[in-house]
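# Structural overview for review
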Amino acid sequence: MAFRTDSRKHMTEVDGRIADLLLEWYDVHHRELPWRTPPAELKRGIRPDPYRVWLSEIMLQQTTVEAVKPYFRAFLEKWPTVQSLASAEAEDVMKAWAGLGYYSRARNLKACAETVAHLPGGLFPDSEGGLRDLPGIGPYTAAAIASIAFNRPAAVVDGNVERVVTRLFSIATPLPQAKVEIRAHVERMLAAARPGDFAQAMMDLGATICTPRRPRCMLCPLRGDCSAVVSGDPELYPVKPAKAERPQRRGAAFVVVRGDGAVLLRKRPGKGLLGGMTEVPTTDWTSRVDGATGPDSAPFAANWARAGTITHVFTHFALDLDVFRADVTIDKAPDGHFWSLPADLAGEALPSVMKKVIEAAIPGATKRGR
């Protein structure tokens, strides 16, 4: 029993030392991010804005920090509060989100803003449980908001944290099975007085020092406690299962151009892949089945000219679309479609795959007016 007690005491000391070293490093080397309240401001009593924390966390899901920054700033300029976002037109939100990917996030973002706006005082809940009751907020996001916005002692575990922890403790269990073990380590290491800073410090360390390739271990404040450094090969962690082969799908897309340069568009169904976004007419491809690929499958007869093939990689499949263009003189859009003038096209809610399609047929079209 004495051995077990000594062992627990040693682990507690190590966990406490790791938290202290990490926070000392973070106070000096934290990243300057537009949604972040830095340590110096926190010490002066300035508290994070839960709206900004929530907005950034939703945007950062499966998206890089650099890609998110301009979208975050644009959203704040248009909708500086959760109430203003709740009052926005759904189509305007989808347009502002276009290009950021994973479009169900944008739909949930709007639904969540509407829900919060109707809560007492229009305020976000300050607990993990309360946050998880909101649309589009899962366990990770609830923990991140509770920790960063409200300084709650929540275990925040993203990909960066998984990498840091599996290397610190040489966790050989493959992901995702290792998530329970990783979370237990994070819960033990949590800095009780500064859980929000601790969470962001772990993320920053993984993003800037403990990187997937060529980690800069000599600059790491935790190298003295890192078992992967001792073993000599941190890149072995985290252990991941073999990637499944990504299916390849095919289809066709049709860019219809009116005499004044307007492009024929339609809105996708609200649910499913790219739900609620805008597109040119395409054949019925999905993540599971191919669509037709020839001009015979066009929405109507016209002088269709081939404009090339584009490739787009989604999370679970890759897609090749043969692109065809037709110049027409008709003024009335077919049912369920609408014309977008050249000056308006760049502002439509076009996902990246559709921007590629239009660019193949009309180079520079989706960049005009920006």
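Below, the structure is looked at part by part. In this text the structure is predicted, and so the values were computed from the model without any measurement. (Residues numbered from 1 in each chain as written. Predicted model: local features only at pLDDT ≥ 70, side-chain atom pairs only at ≥ 80, totals over all residues. Heavy atoms only, no water.)

## What about helix α10 (residues 159-168)?
- A large share of α10 lies buried, amounting to nine of its 10 residues.
- What α10 keeps buried is the set N160, V161, E162, R163, V164, V165, T166, R167 and L168.
- Downstream of α10 by a residue or two, S170 has a phi angle that is positive, lying close to 45°. (Buried < 20%, exposed > 50% of the residue type's maximum accessible area, 1.4 Å probe, protein only. Helix = DSSP H or I, 4+ residues; strand = E, 2+ residues; numbered from the N terminus.)

## Here we look at the pattern of salt bridges
- For the structure on display, the rule yields 19 salt bridges.
- The salt bridge involving R183 is made with E187; its shortest N-O contact spans 3.3 Å. Of this pair, R183 and E187 both sit in helix α11 (residues 179-189), separated by four residues, roughly a single helical turn.
- Using a relative accessible area of 44% as the deciding quantity, one classes E187 as partly exposed.
- In this structure, D327 engages R325 in a salt bridge whose closest nitrogen and oxygen atoms are separated by 2.8 Å.
- D327 gets classed as exposed once you look at its relative accessible area, which sits at 52%.
- In the salt-bridge network here, residues are joined through shared partners; they are D27, R194 and D197. (Salt bridge = Lys/Arg side-chain N within 4 Å of Asp/Glu carboxyl O.)

## Quick word on helix α6 (residues 90-97)
- For α6, every residue scored as buried is listed here: V93, M94, A96 and W97. Summarising the axial view, the buried residues of α6 lie within an arc of 160°, below the 170-degree limit, and thus occupy one face.
- Against α3 (50-60), α4 (65-78), α5 (82-87) and α7 (104-117) lie the buried residues of α6.
- G99 sits one or two positions beyond α6 and adopts a positive phi of about 100°. (Arc of directions from axis to C-beta. Contact = heavy atoms within 4.5 Å.)

## Some thoughts on unusual backbone geometry
- In this model, L175 is joined to P176 through a cis peptide bond whose omega is 5°.
- Within the secondary structure, P176 is located in the loop between α10 and α11.
- The omega torsion across Y237 and P238 is -5°, close enough to zero to call that bond cis.
- Residue position: P238 is located in the loop between α13 (227-231) and β1 (248-257).

## Structural notes on the packing of α3 against α7
- Interaxial distance between α3 and α7 falls to 10 Å at its minimum, and their mutual angle equals 160°. Considering their axes alone, α3 and α7 lie roughly antiparallel with respect to each other. Viewed along their axes, α3 and α7 form a crossing whose handedness is right-handed. Listed contacts from α7 to W54, L55, I58, M59 and L60 of α3 are R105, L109, C112 and A113.
- By residue class, the composition of the contact of α3 with α7 is eight nonpolar, no polar and one charged. (Axes fitted to C-alpha atoms, helices over the stretch in contact; angles between N-to-C directions. Parallel < 35°, antiparallel > 145°, perpendicular 65-115°, else oblique. Left-handed = near helix turned anticlockwise from the far one by under 90°. Nonpolar A, V, L, I, M, F, W, Y, C, P; charged D, E, K, R; others polar.)

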